[in-house]
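Close look at the chain arrangement
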Amino acid sequence: MDTHAVQGAAHQATGHYRRPGTRTLYCGRPAGGRNAIFAAVRGWKLCRSCAKAEQRDRTEAATVAEQHLADAPAAPTPAPARPRRTTPTAPAYVYGAQQLVIIGHPAPAQGALFAAR
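Residues numbered from 1 in each chain as written. Predicted model: local features only at pLDDT ≥ 70, side-chain atom pairs only at ≥ 80, totals over all residues. Heavy atoms only, no water.

It is worth spelling out the nonpolar core at this point. Within the largest apolar cluster, eight residues are counted, these being V6, Y17, L25, Y26, A31, C47, C50 and A53. When neighbours within four sequence positions are excluded, A31 is seen to be in contact with A5, Q7, R18, R23, T24 and L25. (Core = buried A, V, L, I, M, F, W, Y, C linked by side-chain atoms within 4.5 Å. Buried < 20%, exposed > 50% of the residue type's maximum accessible area, 1.4 Å probe, protein only. Contact = heavy atoms within 4.5 Å.)

Below is the structure:
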């Protein structure tokens, strides 16, 4: 979660959590710009009252979400799927001597034609 500085802060060495949907911090001060980049700097700290209040809000939101999920009606079971229709595969086209086997015994003229090839 992003942290913010107090509006007008000179050093921005302390991180604060902003109340969702407002322009104020959990500690009641007006929110300034984001200062998450300062988390890597030595001496940077987090406001204790903001951290406690933000953690309290998170746990309350988690319990409300669990209650909502517990009170929600069970999802209807889906109808069983219809069996898929299987369509016959298209016959493979073959030419030459293999075609004679498929068709059956050829007429003598046909046999001579294919033998000449």
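What follows covers the environment of L46. Looking at the element boundaries, L46 is found in strand 4 (residues 45-46). The sequence separation of L46 and A13 amounts to 33 residues, and the corresponding C-alpha distance is 8.6 Å. Filtering out sequence-adjacent residues up to four positions away, L46 remains in contact with T3, T14, G15, H16, Y17 and A51. (Helix = DSSP H or I, 4+ residues; strand = E, 2+ residues; numbered from the N terminus.)

What follows is about helix 1 (residues 48-71). With 24 residues, helix 1 should reach 34 Å at 1.5 Å per residue; the first-to-last C-alpha distance of 35 Å fits that figure. All of the buried residues along helix 1 are C50, A53 and E54. (Expected span 1.5 Å × (residues − 1).)

Here, the word disulfide means a covalent bond between the sulfur atoms of two cysteines. By the definition in use, this model includes zero disulfides. A disulfide-free cysteine, C27 has its sulfur positioned 3.6 Å from the sulfur of C50, the nearest such atom. (Disulfide = S-S within 2.5 Å.)

All told, the structure shown has three salt bridges when counted by the stated rule. Between R58 and E54 there is a salt bridge whose closest N-O contact spans 2.5 Å. Of this pair, R58 and E54 both sit in helix 1, four residues apart, roughly one helical turn. For E54, a relative accessible area of 6% corresponds to the buried category. Linking R56 and E60 is a salt bridge whose minimum nitrogen-to-oxygen distance equals 4.0 Å. Taken as a pair, R56 and E60 lie in helix 1 at a separation of four residues, close to a single helical turn. Residue class for R56 comes out partly exposed when judged on its relative accessible area of 44%. The network of salt bridges with shared partners includes R56, D57 and E60. (Salt bridge = Lys/Arg side-chain N within 4 Å of Asp/Glu carboxyl O.)

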